[in-house]
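Commentary on secondary and tertiary structure
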Amino acid sequence: MDMNSPMRNAKSLKLGEQKFDEGRSRICNLPDPIIHHILSFLPTKEAAKTSALSKRWQFLWTFVTNLEFNEEVWQQHDVKEETRRNFMSFVERVLFLSDPSSIRKFLLSCKVLSDQSRISTWVHAALKRKVQRLILHFPLEDFESLSLPDCLFTCESLKELDLEFSCVLNLPSYICFPHLKILSLSNIKFPDDHSAQELFSSCPNLVKLTLDACDWENVKGVHISAPLLEVIDIFEEDCQINQSCCQFMISGTKLKLFCYQGVFENDFCVFDAPSLEEADMVQLGSDDIEDNLEMQIAAYRCYKLFKGLANVKRLQVTNGSLEFLASAEELVSRLPSLPNLKHLAVDEHEYAVDFACIGLLKILQNSPCLESIDFKRGVDLPTYDENNDWTLDPVPPCFLTHLKTVTIRLFSGSDKELHVLGECSDVQIAAHRAYKLLKGLTNVKSLVVTPDFLELLTSVEELVPHLPSFPNLKYLALDEYEYAADFASTGLMKLLQKSPYLESLDFKWGVSLSTYKENKDWTLDPVPSCFSTHLKTVTIRILSASKKELHVVKVLLRTAKSLEKLCFPSRLGDKKRKRLLTLLEESESACDIVFMKLRPFYFKPKEY
């Protein structure tokens, strides 16, 4: 029989309809609790649409325990009155119709405008339903303070609280979170010492605390301690260093992980933390500090924090932190011993670490049991002289007894680098070593590389055709700590061609296009196979909306047929958002453009 005969086509169509009906009946025959659970993974707006499926489904969505209301999903452009009304009405309709017994998660991300009282009513409704996870994100607006319901701060059901808004948080006189385990505060400004201290002292079961770019101008000192506290993650955004600051006293018998990113705008002291095993001390923006007094203040605060980390087993520091310590000679000699330190990582967003840095050498001298060193941005030797055989003197004790592994993640084969390694080579040898390293990673599912590494591989032409395939690679990140990645680079294109099942592409410091010309419509040729079949998400963490960047976005929308989400930082202004949304409309792509909170920094906080 002819394969394309009408009879065969009719049978295939009937068989397809039969399979569809079977699949639909399987879902419909599921018990209500299982359907409620399935719907809980959908955004609330999408879950509500299932009410149109049938009479049985009309109210199933109202029993979903995860409620998410994000105004950006409703407004793809500026806030329009009609869109705003629709969003507000939807929230109130859901809260009216939803099951009143309990809410597991309540997320609200919207502009406040003149609707503080209505938003406060929504939060109050979630609290009455014993919400366990409460996430409130309000974008930057022109209001000085925000008042939330007093009952929020005595809620017994809350296990996680995430607040983000750039204004003063008004707190009631009495605060008690008896079951709160995770507290995240972003851009919050505290009115005074008492309110800040009252908040941190009212969480006896707190396990993880995140303080992201909060404003401590009105707070002189605060003590952070909880008997079950295990993780603290602090990020400071400003680069201003003054003698007057907030003094943080941090302690906890169960504290295991302490992460700090900033320029030591405030003073941190960690003490009475016998269980502390891992610490990240990432110093940002040291190049912006030119005043000697500011440098001395930052160095002292860096030293003070470092003293509290003496018991850690794993430590990550930046070149900037080491330079701070080395800038004050009286502090270097007093650096504490690190008797338990096993793993040391040195990371820097721009430069390779100076192997002769006094701060680094002192840490090595004071770490007798160190087993591994990881130079994440490579290693250099500025004191190198062709006629001078520089060497370590004295040799750190760990070099003779415990040090087993040294990792240099970026390597160009320069004489300075090779002198550190104690051998001679050239760029070709370095490229062959990089190629050999990459060959051993062919089965990875997640890969983070820098464009410099890819350029090193492609600098030797005979290696390019032999670059290995990555059949299991799902996630690829380009992390160039100073510059945006070049979308047209040979190394990147080859890697994309060799990753047929890639699902996510992450440009951590943005993306540009070196081949861009205003009168030339550059495009991908050939288009990587993953762009047509598997690539679902592309994330661009930094965007200035230049013509080069927008052309990359245009190419992605035009060629990545399987793309579902194109993610950009939420801090983009309205004009930049409009340009991106215009490109989306012009491309007729089915993907969504999502504006979300993205940290553009190389350091990624640990997830608890």
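Located above this text is the structure these notes cover.
Attention in this report is confined to the structure presented alongside it. (Residues numbered from 1 in each chain as written. Predicted model: local features only at pLDDT ≥ 70, side-chain atom pairs only at ≥ 80, totals over all residues. Heavy atoms only, no water.)

Let's shift gears to the pattern of salt bridges. One pass over the structure, following the stated rule, counts 10 salt bridges. Measuring nitrogen to oxygen at the nearest pair gives 3.1 Å for the salt bridge that ties Asp 267 to Lys 304. With Asp 267 in strand β13 (residues 267–270) and Lys 304 in helix α8 (residues 292–307), this pair connects stretches of sequence that are 37 residues apart. By relative accessible area, Lys 304 is classed as partly exposed at 21%. (Salt bridge = Lys/Arg side-chain N within 4 Å of Asp/Glu carboxyl O. Helix = DSSP H or I, 4+ residues; strand = E, 2+ residues; numbered from the N terminus. Buried < 20%, exposed > 50% of the residue type's maximum accessible area, 1.4 Å probe, protein only.)

Two orientations exist for strands paired in a sheet by backbone hydrogen bonds: parallel and antiparallel. The strand order across the open sheet formed by six strands is β21-β22-β24-β26-β27-β28, and the pairing between neighbours is parallel. Of all the strands in the sheet, the pair left with one neighbour each is β21 (446–449) and β28 (592–596). Going from strand to strand, the sheet's axes swing by 15 degrees on average, the running direction of each strand aside. Bridge count between strand β26 (residues 537–540) and strand β27 (residues 565–569): three bridges; the pairing is parallel. Across the sheet, Thr 537 pairs through a bridge with Lys 565, a residue of β27. (Pairing = 2+ DSSP bridges. Axes fitted to C-alpha atoms, helices over the stretch in contact; angles between N-to-C directions.)

A separate point is the packing of aromatic side chains. The tally for this structure, following the rule as stated, stands at 15 aromatic pairs. Look at Phe 190 and Phe 200: their rings are 6.0 Å apart centre to centre, the planes differ by 55 degrees, and that puts the pair in the tilted class. Here the residue Phe 190 occupies a position in the loop between β7 (182–186) and α7 (193–200), and Phe 200 occupies one in helix α7, the gap between them amounting to 10 residues. You'll find Phe 190 and Phe 200 in the same group, each marked buried. With centroids separated by 5.0 Å and ring planes inclined at 20 degrees, the aromatic side chains of Phe 190 and Trp 216 adopt a geometry described as stacked. With Phe 190 in the loop between β7 and α7 and Trp 216 in the loop between β8 (208–212) and β9 (221–225), this residue pair connects regions lying 26 residues apart in the sequence. (Phe/Tyr/Trp six-rings, centres within 6.5 Å; stacked < 30°, edge-to-face > 60°.)

This next bit is on the side chain of Arg 301. Structurally, Arg 301 is set in helix α8. In this structure Arg 301 is buried but unpaired, with Asp 267 as the nearest side chain of opposite charge at 5.0 Å. A polar side-chain atom of Arg 301 sits 3.4 Å from the main-chain carbonyl oxygen of Gln 243. Apart from residues lying up to four places away in sequence, Arg 301 is in contact with Ile 241, Asn 242, Gln 243, Cys 245, Phe 264, Glu 265, Asn 266 and Asp 267. (Lys, Arg positive; Asp, Glu negative; His and termini not counted. Polar contact = N/O pair within 3.5 Å; in protein donor to acceptor, adjacent residues only side chain to side chain. Contact = heavy atoms within 4.5 Å.)

At a minimum axis distance of 11 Å, the contact between helix α5 (residues 81–97) and helix α6 (residues 116–128) shows a crossing angle of 25 degrees. When the axis of α5 is compared with that of α6, the two are roughly parallel. The chirality of how α5 crosses α6 is left-handed. Of the residues in α6, those in contact with Met 88, Val 91, Glu 92 and Leu 95 of α5 are Arg 118, Trp 122 and Ala 125. (Parallel < 35°, antiparallel > 145°, perpendicular 65-115°, else oblique. Left-handed = near helix turned anticlockwise from the far one by under 90°.)

Turning to helix α19 (residues 574–587), a few remarks are in order. Over its 14 residues, α19 extends 20 Å from the first C-alpha to the last, a length consistent with the 20 Å expected when each residue adds 1.5 Å. Every buried residue belonging to α19 is among Arg 577, Leu 580, Leu 581, Leu 583 and Leu 584, and all of these are buried. On an axial view of α19, the arc spanned by its buried residues comes to 150 degrees, and they lie on one face. In α19, the exposed positions angled more than 90 degrees off the buried face are occupied by Lys 575, Glu 585 and Glu 586. (Expected span 1.5 Å × (residues − 1). Arc of directions from axis to C-beta.)

Spatially, the three strands line up as an open sheet ordered β9-β11-β13, and their pairing is parallel. The sheet is open, and its two borders are formed by β9 and β13, each paired with just one other strand. Within this sheet the neighbouring strands show an average axis-to-axis angle of 15 degrees, counted without direction.

So, about the environment of Cys 151. For Cys 151, the position within the fold is in the loop between β4 (145–147) and β5 (160–164). For Cys 151, a relative accessible area of 30% corresponds to the partly exposed category. Remark: the alpha-carbon pair of Cys 151 and Cys 176, spanning 25 residues in sequence, is separated by 9.7 Å.

A few words on unusual backbone geometry. Of note, the bond from Asp 525 into Pro 526 is cis; its omega dihedral lies within 30 degrees of zero at 0 degrees. Relative to the assigned elements, Pro 526 resides in the loop between β25 (511–512) and α17 (530–533). In this model, Ala 545 sits at a positive phi of 65 degrees, which is unusual for a non-glycine residue. As for its placement among the helices and strands, Ala 545 is situated in the loop between β26 and α18 (547–559). Phi at Glu 588 takes a positive value of approximately 60 degrees, unusual for a residue other than glycine. Note on placement: Glu 588 falls in the loop between α19 and β28. Look at Glu 588 and you get exposed, because its relative accessible area is 71%.

Before going further, it helps to spend a moment on the environment of Ile 135. As for its position among the elements, Ile 135 is in strand β3 (residues 133–137). The exposure class of Ile 135 is buried, given its relative accessible area of 7%. Sequence spacing of Ile 135 and Ser 184 is 49 residues, and the spatial spacing of their C-alpha atoms is 9.1 Å. If we ignore the near neighbours within four places in the chain, the residues touching Ile 135 are Lys 105, Phe 106, Leu 107, Leu 108 and Asp 162.

To continue, consider the pairing of β27. In terms of burial, β27 is a largely internal element, four of the five residues being buried. Between the parallel pair β26 and β27, the chain is carried across by α18, and the sense of this crossover is right-handed. As paired strands, β27 and β28 are joined by five bridges and run parallel to one another. The residue bridging Phe 568 from the neighbouring strand is Phe 595, located in β28. Between the parallel elements β27 and β28, the chain passes through α19 in a crossover that is right-handed. (Right-handed = clockwise from strand over helix to strand, strands pointing away.)

Its 13 residues give α6 an end-to-end C-alpha distance of 18 Å, which sits within 8% of 18 Å, the value for a rise of 1.5 Å per residue. Within α6, the full set of buried residues consists of Ile 119, Ser 120, Trp 122, Val 123, Ala 125, Ala 126 and Leu 127. Buried residues along α6 sit against α5, β2 (105–109) and β3. Positive backbone phi, approximately 55 degrees, marks Lys 130, located one or two places after α6.

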